[in-house]
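Below are the chains, spelled out letter by letter.
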Amino acid sequence: MTDLEIKGKRITIRPLKVDDVYLMRKWGFHENPLLEDYNFPKLSDKDIKMWYRVKTNRFVNKYYGIRNESDELIGYMGIKNIKRITKESTLGLVLDPNQVDKGYGTEILETFLQYYFSKMKMRKMILEVAEFNKRAYRLYEKIGFKPIGYYLDEFFDSGLDLTNPYYIIEKSSFVIKGEKIYNYIYKMTLDRKRFFKLRQ
Ligand SMILES: CC(C)(COP(=O)(O)OP(=O)(O)OC[C@H]1O[C@@H](n2cnc3c(N)ncnc32)[C@H](O)[C@@H]1OP(=O)(O)O)[C@@H](O)C(=O)NCCC(=O)NCCS
């Protein structure tokens, strides 16, 4: 493991360590059932080690832990399916539910992408975001990501309560077919040229 440290104003990004994952058990949780998948699951010590191994054991993925100015672990991110020839990868970013809406996501992406496009010499970043996830979409759009695809995917919870107000507000982003629940996803990308052009 390297001593790599990517520093922003308030945040520090370092390669993810197993000790970071233990801290995620203390995170808050999203009341919104649409975001349930981003609540850190209840895991035993053994499961934590396994979770860490599954995330970090592949050469094509890199995971990072993110600390704030008080050295609290506020989130983790991954670049997945790293393609060393075309120099692209797919982003994943998850914050402690107690730390959302404080501008950290913006700072994390500004800081990381600067490093990604200059030091790592990558050319493109790809991501997928659910249409109902308005906060995440807004963040990506603000950073400069552009939608390049829009498609339906199966929602992770086929037992979602369709009378829940969080669902009702975002109903237009869903399609129900028989027993199955699908939701619309945007695929978005940002390339190096556009990233730097927007910041001139
Ligand atoms: C998505 C996530 C990484 C964003 O990070 P964050 O620190 O909360 O985001 P920021 O505060 O930096 O920016 C959020 C932006 O969305 C806006 N926003 C918040 N809620 C919104 C809503 N319901 N509708 C539209 N915009 C919204 C904010 O106003 C802000 O935009 P602004 O700077 O123009 O005012 C974080 O909320 C998170 O981890 N969410 C749960 C996991 C997740 O969804 N991961 C992404 C999967 S693709």
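This text follows the structure it describes.
So, here's what we can say about the structure. (Residues numbered from 1 in each chain as written. Predicted model: local features only at pLDDT ≥ 70, side-chain atom pairs only at ≥ 80, totals over all residues.)

Some points on the site of the ligand
Taken together, the neighbourhood of the ligand is formed by 20 residues, with Leu95, Gly105, Thr106, Lys134 and Arg138 sitting nearest. When residues of the shell around the ligand are assigned to their parent elements, the largest contribution, 6 residues, is made by helix H4 (residues 134-143). Along the lines of polarity and charge, the residues of the shell around the ligand split into 10 nonpolar, 4 polar and 6 charged. (Near = placed C-beta within 6 Å. Helix = DSSP H or I, 4+ residues; strand = E, 2+ residues; numbered from the N terminus. Nonpolar A, V, L, I, M, F, W, Y, C, P; charged D, E, K, R; others polar.)

Topic: the packing of helix H3 (residues 104-117) against H4
Put simply, H3 and H4 touch, their axes get as near as 10 Å, and they point 40° apart. Comparing the axis directions of H3 and H4 gives the class oblique. Regarding H3 and H4, the two cross each other, and that crossing is right-handed. Here Gly105, Thr106, Leu109, Glu110 and Leu113 of H3 lie close against H4, whose contacting residues are Leu139, Lys142 and Ile143. When grouped by side-chain class, the residues that make up the contact of H3 with H4 number 4 nonpolar, 2 polar and 2 charged. (Axes fitted to C-alpha atoms, helices over the stretch in contact; angles between N-to-C directions. Parallel < 35°, antiparallel > 145°, perpendicular 65-115°, else oblique. Left-handed = near helix turned anticlockwise from the far one by under 90°. Contact = placed C-beta atoms within 7 Å.)

What about the nonpolar core?
One finds Ile66, Met77, Ile108, Phe112 and Leu113 to be the most contacted residues of the largest nonpolar core, which totals 34 residues. When residues of this core are traced back to their parent elements, those giving at least two are strand S3 (62-67), strand S4 (73-83), strand S5 (88-95), H3, strand S6 (124-130) and strand S9 (180-191). Beyond its immediate chain neighbours, meaning those up to four positions away, Leu113 contacts Met125, Ile143 and Phe195. (Core = buried A, V, L, I, M, F, W, Y, C linked by C-beta atoms within 7 Å. Buried ≥ 20, exposed ≤ 12 C-beta atoms within 10 Å, placed from the backbone.)

Here we look at the pairing of S3
Where strand S2 (residues 12-15) meets S3, 4 bridges bridge the pair, whose relative direction is antiparallel. Along S3, the bridge assignment pairs Ile13 with Ile66. Of the strand pairs in this sheet, S3 and S4 are connected by 6 bridges, and their pairing is antiparallel. The residue bridging Ile66 from the neighbouring strand is Gly75, located in S4. The turn joining S3 and S4, which pair antiparallel and follow one another in sequence, is formed by 5 residues; a positive phi near 65° is taken by Asp71. (Pairing = 2+ DSSP bridges.)

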